[in-house]
Amino acid sequence: VQLQAYGGGLVQTGGSLRLSCVASGRFSSIGNMGWYRQSQGKQREAVAFMFNGRPTNYLDSVKGRFTISADISKNTLYLQMNSLKPEDTGVYYCNVDVLEYSGSLSGYWGQGTQVTVSS
């Protein structure tokens, strides 16, 4: 299973970006999904989660600005980011749990996509 994340870039404060994460390979189904980010000098932090196909948790600092969603038919996870701030700068990673054909549940990470918000 591979996760391909893309959609990052350089935007000005107040701008928007939409991140996508596509899961490919052989698996039975997709489970819980989430986005994380890692800013320079900081630990990776959770930004948004979907449990059982529903947006569940958001980092307090992104509530009202970011929206997590998914198109299961396309095995794709999204993160719509609006009203971006310089403190949103970082590398964004997707994390997806998949149900393998063996019956086991495995978690996978995307390679990360850089988001830079200029002031």
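One structure accompanies this document, and this report is about it.

Quick notes on the rules
Residues numbered from 1 in each chain as written. Predicted model: local features only at pLDDT ≥ 70, side-chain atom pairs only at ≥ 80, totals over all residues. Heavy atoms only, no water. Helix = DSSP H or I, 4+ residues; strand = E, 2+ residues; numbered from the N terminus. Rg over C-alpha atoms; globule rule 2.2 N^0.38 Å. Buried < 20%, exposed > 50% of the residue type's maximum accessible area, 1.4 Å probe, protein only. Contact = heavy atoms within 4.5 Å. Areas by Shrake-Rupley, 256 points an atom, 1.4 Å probe, with all protein chains shown as cover. Lys, Arg positive; Asp, Glu negative; His and termini not counted. Charge placed at Lys NZ, Arg CZ, Asp CG, Glu CD. Phe/Tyr/Trp six-rings, centres within 6.5 Å; stacked < 30°, edge-to-face > 60°. Lys NZ or Arg CZ within 6 Å of the ring centre and 35° of its normal. Disulfide = S-S within 2.5 Å. Pairing = 2+ DSSP bridges. Axes fitted to C-alpha atoms, helices over the stretch in contact; angles between N-to-C directions. Salt bridge = Lys/Arg side-chain N within 4 Å of Asp/Glu carboxyl O.

Topic: the overall build of the protein chain
Consideration 1: Helices and strands together make up the secondary structure of the protein chain, namely zero helices and eleven strands.
Consideration 2: Counted from the first residue to the last, the protein chain has its helices and strands arranged as β-β-β-β-β-β-β-β-β-β-β.
Consideration 3: Scaling as 2.2 N^0.38, a compact globule of 119 residues should have a C-alpha radius of gyration of about 14 Å, and the protein chain matches this with 14 Å.
Consideration 4: Seen through its C-alpha atoms, the protein chain measures out along the principal axes to roughly 50 × 25 × 25 Å.
Consideration 5: Taken over 119 residues, the protein chain has a buried fraction of 38%.
Consideration 6: Looking at the protein chain alone, contacts between residues at least 24 apart form 54% of all its contacts between residues at least 6 apart.
Consideration 7: Accessible surface computed for the protein chain: about 6400 Å², of which carbon and sulfur atoms make up 46%.
Consideration 8: Here the protein chain holds 10 positive side-chain charges and 7 negative ones, and the gap between their average locations is 3 Å.

Side note on the packing of aromatic side chains
Any two aromatic rings considered together are summarised by their centre-to-centre distance and by the angle between their planes.
Consideration 1: On inspection of all chains with the given rule, the structure shows three aromatic pairs.
Consideration 2: The interplanar angle of 85 degrees and the centroid separation of 5.6 Å between the aromatic rings of Tyr36 and Phe49 together place this pair among those described as edge-to-face. Of this pair, Tyr36 sits in strand β4 (residues 29-38) while Phe49 sits in strand β5 (residues 45-51); the two residues are 13 residues apart in sequence, bridging distant segments of the chain.
Consideration 3: In this structure, Arg18 is placed above the aromatic ring of Tyr78, and the distance from its NZ or CZ to the ring centre is 4.0 Å.
Consideration 4: The ring centre of Trp109 lies 4.7 Å from the NZ or CZ of Arg44, which sits over that ring.

Digging into the state of the cysteines
Consideration 1: Tallied over the entire structure, the rule returns one disulfide.
Consideration 2: Paired by a disulfide, Cys21 and Cys94 hold their sulfur atoms 2.1 Å apart. In this structure, the disulfide formed by Cys21 and Cys94 twists by about 65 degrees around the S-S bond and is classed as right-handed. With Cys21 in strand β3 (residues 17-24) and Cys94 in strand β9 (residues 90-99), this residue pair connects regions lying 73 residues apart in the sequence. The two residues Cys21 and Cys94 agree in class, both being buried.

Digging into the sheet that holds strand β8 (residues 76-81)
Consideration 1: Judged by pairing direction, the sheet is antiparallel, and its four strands sit side by side in the order β1-β3-β8-β7 without closing on themselves. Two strands lie at the open edges of the sheet, namely β1 (2-6) and β7 (66-71), each paired on one side alone. The sheet shows a mean angle of 15 degrees between the axes of neighbouring strands, taken without regard to direction.
Consideration 2: Pairing analysis gives five bridges linking β1 to β3, with the strands arranged antiparallel. Pairing of Leu3 across the sheet is with Ala23, part of β3.

Remarks on the pattern of salt bridges
Consideration 1: For the coordinates displayed, the defined rule picks out four salt bridges.
Consideration 2: A salt bridge links Arg37 to Glu45, with the shortest nitrogen-to-oxygen separation between them at 2.8 Å.
Consideration 3: What makes Arg37 buried here is its relative accessible area of 3%.
Consideration 4: Overall, Glu45 belongs to the partly exposed group, its relative accessible area being 28%.
Consideration 5: A salt bridge links Asp60 to Lys63; its shortest N-O distance comes to 3.0 Å.

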